[in-house]
Amino acid sequence: MKLILALVMTRILAGGSASVALNQWCVAHHLPPLAAHRVAGSAKSTPTAVRSALGAGAIAYRRVWLACGPVRLLVGDNWYLPSRLTPAMNRRLETSEAPFGLVVRPLGFHRHTLSVDGPVVRALVVDDAGRPLSYVVETYVRALGD
């Protein structure tokens, strides 16, 4: 299965923000801006590997569809450390459709791709000091090469 446009995937796998790269794709294709639509009833326990990667502290979970209007691009599972975000960032993640990467962009984060298995990408998101912020599992559902 073709994942997404090579340029977008290259940016993502090189450590760039998936939200920023996908939003740029949406704009280039004259679609609405990228939005994160919460998946209702999607509570999950924190896997041991995620807890180990993030370290100590309370871990929040958010499962969303990232989409440009009606065009669904991926479903994302995101475990993150609210203590490393500002109160305003946490509020925005809890109450809006803003994608995680766009909300935490001021932290100067970088992604470390852990694995790519078909359409599934796992990554650890760290702040500019190298401290873990988030562990994401993204399942891409649409080829973006059009």
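Before reading on, note that the structure itself is shown above.
Only a predicted model underlies this, so the values are computations on that prediction, with no experimental measurement involved. (Residues numbered from 1 in each chain as written. Predicted model: local features only at pLDDT ≥ 70, side-chain atom pairs only at ≥ 80, totals over all residues. Heavy atoms only, no water.)

**A few points about the state of the cysteines**
Should the sulfur atoms of two cysteines be covalently bonded, the bond is a disulfide.
Then, in step 1: One pass over the structure, following the stated rule, counts 1 disulfide.
Then, in step 2: The disulfide that involves Cys 26 links it to Cys 68, with 1.4 Å between the sulfurs. Here Cys 26 is found in helix α2 (residues 18-28), whereas its partner Cys 68 is found in strand β2 (residues 60-68), with 42 residues between them in sequence.
Then, in step 3: Residue class for Cys 26 comes out buried when judged on its relative accessible area of 0%. (Disulfide = S-S within 2.5 Å. Helix = DSSP H or I, 4+ residues; strand = E, 2+ residues; numbered from the N terminus. Buried < 20%, exposed > 50% of the residue type's maximum accessible area, 1.4 Å probe, protein only.)

**Topic: the pairing of strand β4 (residues 110-117)**
Then, in step 1: Summarising the sheet, β4 and strand β5 (residues 120-126) pair through 7 bridges and their orientation is antiparallel. Paired with His 110 across the bridge in β5 is Val 126.
Then, in step 2: Hairpin remark: β4 followed by β5, antiparallel, with 2 residues in the connecting loop; positive phi at Gly 118, about 65°. (Pairing = 2+ DSSP bridges.)

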